[in-house]
Amino acid sequence: MCCFCQAHLLPSHKCQAIRPRNLQSGLIDLGKAYLGQGKYDEALKNVLCSLDIRKNNIDQEHPSWFELDKNIGKASYQKGMLNQAPEHYKKCLRVALQIYGGQSKYATTCYNNIGSVFQKKGLYEKAIENYEPSLKMYIFREKDQELSSIYNNLGSIYTELKALDYLFEKSRNQEKM
């Protein structure tokens, strides 16, 4: 019996009658709705239940894997679970590359999301390593609106690094006095 049926106390014969892909898609949509409302615990509960169903019933090449891992990553990121978010964004990237190819908007989104997590964690070099492929893909696809987002992310990293360099230099000068 799946986690949805257990949570809603459905008998096992009704659980077996539910089509897994429909239920999984519904749970992803419900998770997205909760994400939009800022209800991250509810979002995670639904997308993790969808993950449970996916493991047992859905082909690994199915596009719903991309959506599912993206939503788990997003909910984890929003909840501040910064060690789990990149794990799901990397799975999302692997699926995007496999299904849609290296220059797809899906792969670009994944690189950008991974970069955002590393930036928030203060791991600027890793963030840049992920923003740069995303930037190249946006340029390749000539998406000016999306380019501004990447340039903004990279600019904020370089600003933070410059501020850190300044503070480090200032503390060294004070030690010499």
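This text goes with the structure placed above it.
Throughout what follows, the structure given in this document is the object of discussion. (Residues numbered from 1 in each chain as written. Predicted model: local features only at pLDDT ≥ 70, side-chain atom pairs only at ≥ 80, totals over all residues. Heavy atoms only, no water.)

**Topic: the overall build of the chain**
Scanning the chain from N- to C-terminus turns up nine helices and zero strands. Evaluated residue by residue, the chain yields a buried proportion of 38% over its 177 residues. In the chain, the proportion of contacts linking residues at least 24 apart, taken out of those at least 6 apart, comes to 52%. Carbon and sulfur atoms make up 50% of the accessible area of the chain, which totals about 10600 Å². (Helix = DSSP H or I, 4+ residues; strand = E, 2+ residues; numbered from the N terminus. Buried < 20%, exposed > 50% of the residue type's maximum accessible area, 1.4 Å probe, protein only. Contact = heavy atoms within 4.5 Å. Areas by Shrake-Rupley, 256 points an atom, 1.4 Å probe, with all protein chains shown as cover.)

**Some points on helix 6 (residues 85-99)**
Compared with an ideal rise of 1.5 Å per residue, which puts 15 residues at 21 Å, helix 6 spans 21 Å between its outermost C-alpha atoms and is within 8% of the ideal. Turning to helix 6, its buried residues are Ala-85, Pro-86, His-88, Tyr-89, Cys-92, Leu-93, Val-95 and Ala-96. Contacts from the buried residues of helix 6 go to helix 5 (64-78) and helix 7 (105-120). Count one or two residues on from helix 6 and you reach Gly-101, which has phi positive near 100 degrees. (Expected span 1.5 Å × (residues − 1).)

**Points about the pattern of salt bridges**
Applying the stated criterion to the full structure yields five salt bridges. Where Glu-67 meets Lys-32, a salt bridge forms, and the shortest distance between an N and an O atom there is 3.1 Å. One end of the pair, Glu-67, is in helix 5; the other, Lys-32, is in helix 3 (residues 20-37), with 35 residues separating them in the sequence. The partner of Glu-87 in a salt bridge is Lys-91, and the shortest N-O contact between them spans 3.9 Å. Remark: Lys-91 and Glu-87 occur in helix 6; sequence separation between them is four residues, near one turn of the helix. One network of salt bridges, in which partners are shared, links Lys-32, Glu-67 and Lys-70. (Salt bridge = Lys/Arg side-chain N within 4 Å of Asp/Glu carboxyl O.)

**Things to note about the environment of Gly-122**
One can find Gly-122 in the loop between helix 7 and helix 8 (124-141). Of the residues examined, Gly-122 reaches a relative accessible area of 34% and is grouped as partly exposed.

**Some details on the packing of helix 5 against helix 7**
In contact at an axis separation of 12 Å, helix 5 and helix 7 are set at 20 degrees when each is read in the N-to-C sense. As the angle between them shows, helix 5 and helix 7 are arranged roughly parallel. Here helix 5 runs over helix 7; the crossing is left-handed. Two secondary-structure elements touch here, helix 5 through Phe-66, Lys-70 and Tyr-77 and helix 7 through Tyr-106, Cys-110, Asn-113, Ser-116, Val-117 and Lys-120. (Axes fitted to C-alpha atoms, helices over the stretch in contact; angles between N-to-C directions. Parallel < 35°, antiparallel > 145°, perpendicular 65-115°, else oblique. Left-handed = near helix turned anticlockwise from the far one by under 90°.)

**Topic: the side chain of Asn-113**
Secondary-structure assignment places Asn-113 in helix 7. Contact partners of Asn-113, with chain neighbours within four places excluded, come to Lys-70 and Tyr-89.

**Some remarks on the environment of Ile-128**
With respect to the element layout, Ile-128 can be found in helix 8. Once the C-alpha coordinates of Ile-128 and Gly-115 are considered, the two residues, 13 residues apart in sequence, prove to be 6.6 Å apart.

**Focus on helix 7**
In this model helix 7 runs 22 Å from its N-terminal to its C-terminal C-alpha over 16 residues, within 8% of the 22 Å that 1.5 Å per residue would give. Ala-107, Thr-108, Cys-110, Tyr-111, Asn-112, Asn-113, Ile-114, Gly-115, Val-117, Phe-118 and Gln-119 are the residues of helix 7 that are buried.

Coordinates in, geometry out; function isn't part of it.
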